[in-house]
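Fold and geometry: a report
Here is how the chains run, residue by residue.
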Amino acid sequence: MSTIDAPSPGKPRSKMSAIGPLRIDQPERGQGYRFSEDSLLVVAFAVERGLHGRALDAGSGVGVIGLLAAASGSFDEVYCLEIQGLLHGFAAGNLEANRGRLSCPLRVCLGDLRAWRERWEPGAFDAVLANPPFFPSGRARPSKEEGRRIARHEESLDMGALLEALGGLLKDEGRAV
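What this report covers is the structure whose coordinates are included nearby. What you are looking at is a predicted structure, and each value in this text was computed from that prediction instead of being measured.

**Describing helix H2 (residues 64-71)**
With seven of eight residues buried, H2 lies mostly within the body of the structure. Among the residues making up H2, those that are buried are Val-64, Ile-65, Gly-66, Leu-67, Leu-68, Ala-69 and Ala-70. Just beyond H2, the residue with positive phi is Gly-73, at close to 85°.

**What about the pattern of salt bridges?**
Evaluation of the coordinates by the stated rule reveals seven salt bridges. One salt bridge in this structure joins Glu-96 and Arg-99, with 2.3 Å as the shortest N-O distance. Judged by relative accessible area, Glu-96 falls into the partly exposed class, the value being 38%. On the basis of relative accessible area, Arg-99 is assigned to the partly exposed category, the value being 33%. Because the salt bridges share partners, they merge into one network encompassing Arg-54, Glu-77 and Arg-107.

**Some details on the nonpolar core**
With 30 residues, the main nonpolar core has Ile-24, Phe-75, Val-78, Leu-106 and Leu-129 as its most contacted residues. When residues of this core are traced back to their parent elements, those giving at least two are strand S3 (22-27), helix H1 (37-48), H2, strand S5 (75-82), helix H3 (85-98), strand S6 (106-110) and strand S7 (125-130). The element that contributes the greatest number of residues to this core is H2, accounting for six residues. The contacts of Leu-129, once residues within four sequence positions are left out, are Val-42, Ala-46, Leu-51, Leu-56, Asp-57, Ala-58, Ile-65, Ala-69, Phe-75 and Val-177.

Definitions and cut-offs
- Residues numbered from 1 in each chain as written.
- Predicted model: local features only at pLDDT ≥ 70, side-chain atom pairs only at ≥ 80, totals over all residues.
- Heavy atoms only, no water.
- Buried < 20%, exposed > 50% of the residue type's maximum accessible area, 1.4 Å probe, protein only.
- Helix = DSSP H or I, 4+ residues; strand = E, 2+ residues; numbered from the N terminus.
- Salt bridge = Lys/Arg side-chain N within 4 Å of Asp/Glu carboxyl O.
- Core = buried A, V, L, I, M, F, W, Y, C linked by side-chain atoms within 4.5 Å.
- Contact = heavy atoms within 4.5 Å.

As structure tokens, then:
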């Protein structure tokens, strides 16, 4: 079973990529944030470390981490949470395109990680997987493209807010990657 929380907005031109059996649609260069090999490494590390149960892909972008986690056989249920409507639309489309290739339910949600209490109870997840913004505000030249800037710079989510959300979302023995 897979569900989508919100309608998908219109998309700019896109480019289809393949990761094993998965087909991933994402914005063309310059049209929005695109996933990188970091997403593959996050899931590989999580699976190698034995993470399992209910997982959250926090800041999912086009849904690559969530899709790979849901296809890995390691998790019982996976949620993708994305703040950008455009990328959420891609994630929802990627879920639909890969529905038959997943080994557990995957849900794609539009929302802000900082408002996690509006959606989930404390301790809702065994694992949180993320490739969060990595440039502190004012420490690197920001991208002119808004979607890429939001995904790469601590503009809408800084490390303190991320750690606070992780502390609330994870079960006592939960782990984040």
